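Read off the chains here:
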Amino acid sequence: MKTKILITLLLTTAVLFAQDSVQTKNVEKVRVAVLNIIPGDGVKAIEAIDISRMLRKALTAYPIYHAISGDEMAKRAKTAGTQVPAECLTEFCALDMGQTLAASKVITGEFEIDGNYKALKLKSFDLEARDFNQKTSIAADCPAESLQLLADAAIAKLFGHPEPENGLTVKPYRGKEIKRHIEWGVVGIVAVAGALSYAASQGILSPTGEKGTLETVTGSAALANQRGAFGDLMMNARPHGMGGAFIALSDDGNALAYNPAGLTRLNSRIASAGYLQFNSGDESVPYFYAAYAGPVTGTISQGIALQASPASYGSSETKVIIGAAKLFDDPDGKRRPFSIGINAKFLMFSAAKATGSVYSFQENAVEGTGFGFAFDLGAQIQLSDRITAGILLKDIYSRISYTNTTLGSSYTEGIPQALIIGGHYRLMNTVNLVLDGHKSLFADVEDHVRLGIEKRLMEVLALRIGMSQNFSMESNRRYHAGFGIDAPLSKGKQRLSADYSYEYFHTDGEAYGDLSGSQRFAVSARF
């Protein structure tokens, strides 16, 4: 009897084992395509090819994955009339290659050397979810012969498997510690010294005229009420072409003027200069803009900018902006990255009796100077690889001390604060859709909305349109248009760009006609 029971148990176990084996064989493996890993700093192209091969080998340790070989990828791409791209970091590219290679997941990334450390930054595109929902970035102090161990650890971290016990110590990697402290110190000192020198030459730092009291001037005629004093003029050509909506996008040197949190999106240094022709009455007041920004460490970026207008039209402004931003990112991609930035702005103002026609109607124009500061606080959060949200508390605190030589008095005032919330949606990697809502925190300043579109063509040309609108004043609706040319200077990150924008709005009943357009020009270089 015992023998029969034992035989029955053995047969049952054998049948169950056989069924489990058949089911295991019938389970369809996840097809994974490891595309060409991009060679970063200190890495040769052949080394990047080797690490791509090692990542495919690391996948073979898991029976649920089928790593598509390099030869098979090349054949399938050739059959489809294309080829495996040298770089593929965008959703559009990953989706296209995943469909071409009949893969369920596509792995892309970058391999770089940081001192003694070898670093792998990978992300996996899930074709079903159509999103880079798995990311990792690790580094290890390992010799070239141990790179396979680094590849094994990277695949395990990327897909959430237990870290292999191979004796290699890995750590999260956030990017090179660039530490350009001396460079930024020199830039800051030169910019501040230049701004103060310019302000002194324009008479901003010293009161002009004789002290006195004019019967036609009362205490209500504050210098802060001078038209356009530190106003939001949408200084820069690229944002201006999109209606001034830029809070959530802010991915270039314009971040200093719109949202300092966007400085962390810069992966190289950028120097830019711009010119604004601001229409006022029947004349145009010129403004100038210059900025320098870039990364300091792997997660910290900063920049400095100068905005100025000459004193030819009765008043002049000089604004120095010093901004910094910090990125809070989880290298494993388990938490959405977000950044926080702050601007410190030094403000200088001068008003003199005007000789130009713009202010000629002010027979007893106020004279004097102002000096002060203001702060902006901004944030950005990447909700997905396509959607970014931004928020800015503009002029969250400000204080300007005025010396009014016409009245013979001094007083302090602030700039109206504003809350700006924006969104950015990237469509198919070639279109940026942006929207900003401006909520004034003062009753006498109107709320308004801005929206715009940017379409990139052939990686060189960008076309832009936009609109800005006061919520309660349809007659103040403005239409914007512009374009940009962005050309590479070499195979590296060096690029040179030029931007232009134009603004149209209808002005019923105004003396200077139906068309009052202002233009902006800008050039910038990345290096």
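See the structure printed just above.
We now turn to the structure provided with this report.

About the criteria used
Counting of residues starts from 1 at the beginning of each chain's written sequence and follows it residue by residue. Residue-level local features of this predicted model are given only where pLDDT is at least 70; pairs of side-chain atoms are given and counted only at 80 or more, and the full residue set underlies all totals for whole chains, interfaces and linings. No hydrogens and no water enter the side-chain calculation; it runs on all heavy atoms of the structure. In the sections that follow, a salt bridge refers to a side-chain nitrogen of Lys or Arg positioned within 4 Å of a carboxyl oxygen of Asp or Glu. The helix count covers DSSP runs of H or I at least four residues long, the strand count covers runs of E at least two residues long, and both are numbered beginning at the N terminus. Only protein chains enter the accessibility calculation, which uses a 1.4 Å probe. A residue is then buried if its area is under 20% of the maximum for its type, exposed if over 50%, and partly exposed in between. When the sulfur atoms of two cysteines come within 2.5 Å, that pair is taken as a disulfide. Among buried residues, those of type Ala, Val, Leu, Ile, Met, Phe, Trp, Tyr and Cys that are joined through side-chain atoms within 4.5 Å constitute a nonpolar core. What makes two residues a contact is simply this: any of their non-hydrogen atoms within 4.5 Å. By definition, no residue in a patch forms a salt bridge, and every one has over 30% relative accessible area; like charges are joined within 9 Å, nonpolar side chains (Val, Leu, Ile, Met, Phe, Trp, Tyr) within 5 Å. The Shrake-Rupley method, run with a 1.4 Å probe, gives the accessible areas here. Residue values count only the displayed protein chains as cover. Throughout this description, a polar contact denotes any pair of N or O atoms lying within 3.5 Å of each other; where both atoms belong to protein, one of them has to be capable of donating a hydrogen while the other can accept it, and for residues adjacent in sequence the pair is counted only when both atoms sit in side chains. In this description, strands pair whenever DSSP reports at least two bridges between them. Between the rings of Phe, Tyr and Trp (Trp by its six-membered ring), a pair exists once the centres lie within 6.5 Å; its type follows the angle of the planes, with under 30 degrees stacked, over 60 edge-to-face, and the other angles tilted. Either the NZ atom of lysine or the CZ atom of arginine qualifies as a charge over a ring when it sits within 6 Å of the ring centre and within 35 degrees of the ring normal. Under this scheme, a helix contributes an axis fitted over its contacting stretch, all axes are lines through C-alpha atoms, and angles between N-to-C directions fall in the 0 to 180 degree range. Note that the term roughly parallel is reserved for angles under 35 degrees, roughly antiparallel for angles over 145, roughly perpendicular for angles of 65 to 115, and oblique for everything else. By definition, any crossing whose near helix is turned counterclockwise from its far helix by less than a right angle is left-handed, and any crossing with a clockwise turn is right-handed. Side-chain classes are defined by residue name, with Ala, Val, Leu, Ile, Met, Phe, Trp, Tyr, Cys and Pro counting as nonpolar, Asp, Glu, Lys and Arg as charged, and the others, Gly among them, as polar. By definition here, a helix of n residues has an expected span of 1.5 Å times n minus one.

What follows deals with the pattern of salt bridges. Scanning all chains against the criterion turns up 19 salt bridges. The residue arginine 238 makes a salt bridge to aspartate 251 at a minimum N-O spacing of 2.7 Å. Taken as a pair, arginine 238 in helix α7 (residues 237-241) and aspartate 251 in the loop between α7 and α8 (255-258) lie far apart in primary sequence, 13 residues in all. Owing to a relative accessible area of 21%, aspartate 251 belongs among the partly exposed residues under this scheme. Arginine 238 is paired through a salt bridge with aspartate 252; the nearest N and O atoms lie 2.7 Å apart.

Along the polypeptide, threonine 136 turns up in strand β6 (residues 131-141). Separated by 14 residues in the primary sequence, threonine 136 and leucine 122 place their C-alpha atoms 5.4 Å from one another.

This part is about the state of the cysteines. A covalent bond between the sulfur atoms of two cysteines is referred to as a disulfide. Here the structure, examined in full by the defined rule, presents one disulfide. The side chain of cysteine 88 participates in a disulfide bridge whose partner is cysteine 93; the two sulfur atoms lie 2.1 Å from each other. Looking along the S-S bond of the cysteine 88-cysteine 93 disulfide, the torsion reads about -125°, which is the left-handed sense. Each member of the pair, cysteine 88 as well as cysteine 93, carries the same accessibility label: buried.

Buried together is how nonpolar side chains tend to be arranged in soluble globular proteins. Leu55, Leu59, Ile107, Leu120, Leu122, Leu150 and Ile155 are the most contacted members of the largest nonpolar core, which has 31 residues in total. For this core, the secondary structure elements donating two or more residues are β1 (30-34), α2 (45-59), β3 (65-67), β4 (105-114), β5 (117-126), β6 and α5 (147-158). Per element, the largest residue contribution to this core is eight residues, and it comes from α5. When neighbours within four sequence positions are excluded, leucine 150 is seen to be in contact with Lys118, Leu120, Ile138, Ala140, Leu168 and Val170. Of all hydrophobic cores here, the second largest spans 17 residues; its members include Leu35, Ala77, Leu95 and Leu101.

This brings us to a nonpolar patch on the surface. A cluster of nonpolar side chains, namely Ile322, Phe328, Ile340, Ile342, Phe346, Phe373, Phe375, Leu377, Ile396 and Tyr397, defines an oily patch on the protein surface of about 790 Å² accessible area. If you list the elements that add at least two residues to the nonpolar patch, you get β11 (315-328), β12 (338-351), β13 (368-382) and β14 (387-404). With respect to the helices, strands and loops of the structure, isoleucine 340 is situated in strand β12. For isoleucine 340, a relative accessible area of 38% gives the class partly exposed.

A separate point is the side chain of serine 501. Along the chain, the position of serine 501 falls in strand β21 (residues 495-504). Polar side-chain contacts of serine 501 include one of 3.4 Å to the backbone oxygen of alanine 237. A polar side-chain atom of serine 501 sits 2.7 Å from a polar atom in the side chain of histidine 240. Discounting chain neighbours no more than four positions away, the residues touching serine 501 are Ala237, His240, Gly241, Ala481, Gly482, Ser518, Gln519 and Arg520.

Moving on, we come to helix α4 (residues 91-100). Within α4, seven of the ten residues are buried, which leaves the element mostly enclosed by the surrounding structure. All of the buried residues along α4 are Glu91, Cys93, Ala94, Leu95, Met97, Gly98 and Thr100. For α4, the secondary structure elements touched by its buried residues are α3 (70-79), β4, β5, β6 and β16 (418-427). Downstream of α4 by one or two residues, alanine 102 has phi in the positive range, about 55°.

Let's shift gears to the pairing of strand β17 (residues 431-440). Regular strands have side chains that alternate between both faces of the sheet. Note that β16 and β17 share ten bridges and pair antiparallel. Within the sheet, the bridge partner assigned to isoleucine 420 lies in β17 and is histidine 438. Hairpin connection, β16 to β17: the antiparallel pair is bridged by three residues, and methionine 428 has positive phi, about 50°. Bridge count for β17 against strand β18 (residues 448-457) is eight bridges, and the pairing is antiparallel. Considered in β18, the bridge of aspartate 436 is made with arginine 450.

Summed over the entire model, instances satisfying the criterion amount to twelve aromatic pairs. Look at phenylalanine 125 and phenylalanine 132: their rings are 5.1 Å apart centre to centre, the planes differ by 70°, and that puts the pair in the edge-to-face class. Each member of the pair phenylalanine 125 and phenylalanine 132 is classed as buried. A connected cluster of aromatic rings, assembled from ring pairs, spans Tyr275, Phe288, Phe483, Tyr500 and Phe521. We note lysine 123 situated over the ring of phenylalanine 132; from NZ or CZ to the ring centre the distance is 4.2 Å. Geometry around phenylalanine 328 places lysine 326 over its ring, the cationic atom sitting 5.9 Å from the centre.

This part is about the side chain of asparagine 343. Mapped onto the elements, asparagine 343 comes out in strand β12. Taking relative accessible area as the criterion, asparagine 343 reaches 1% and is therefore assigned buried. Only 2.8 Å separates the side chain of asparagine 343 from the backbone oxygen of leucine 256, close enough to count as a polar contact. When residues no more than four places from it in sequence are discounted, the contact partners of asparagine 343 are Leu256, Pro260, Ile321, Ile322, Gly323, Ala374, Phe375 and Asp376.

To continue, consider the packing of α2 against α5. The angle between the axes and the distance between the axes are what describe a pair of packed helices. Taken N-terminus to C-terminus, the directions of α2 and α5 make an angle of 55°; their axes are 8 Å apart at the nearest point. In terms of axis orientation, α2 runs oblique to α5. Note that α2 runs across α5; the crossing there is right-handed. When α2 is examined against α5, the residues Ile51, Met54, Leu55, Lys57, Ala58 and Leu59 are found in contact with a partner set consisting of Leu147, Gln148, Ala151, Asp152, Ala154 and Ile155. Counted by class, the contact of α2 with α5 contains nine nonpolar, one polar and two charged residues.

Our focus in this paragraph is α5. For an α-helix, the turn length of 3.6 residues means that residues three or four places apart are oriented alike. The terminal C-alpha atoms of α5, which comprises twelve residues, lie 16 Å apart, in line with the 16 Å expected from a rise of 1.5 Å per residue. Most of α5 is tucked away, with nine of its twelve residues classed as buried. Residues of α5 that are buried include every one of Leu147, Gln148, Leu150, Ala151, Ala153, Ala154, Ile155, Ala156 and Leu158, and no others. The secondary structure elements touched by the buried residues of α5 are α2, β4, β5, β6 and β7 (170-172). Looking one or two residues beyond α5, the residue adopting positive phi is glycine 160, at roughly 75°.

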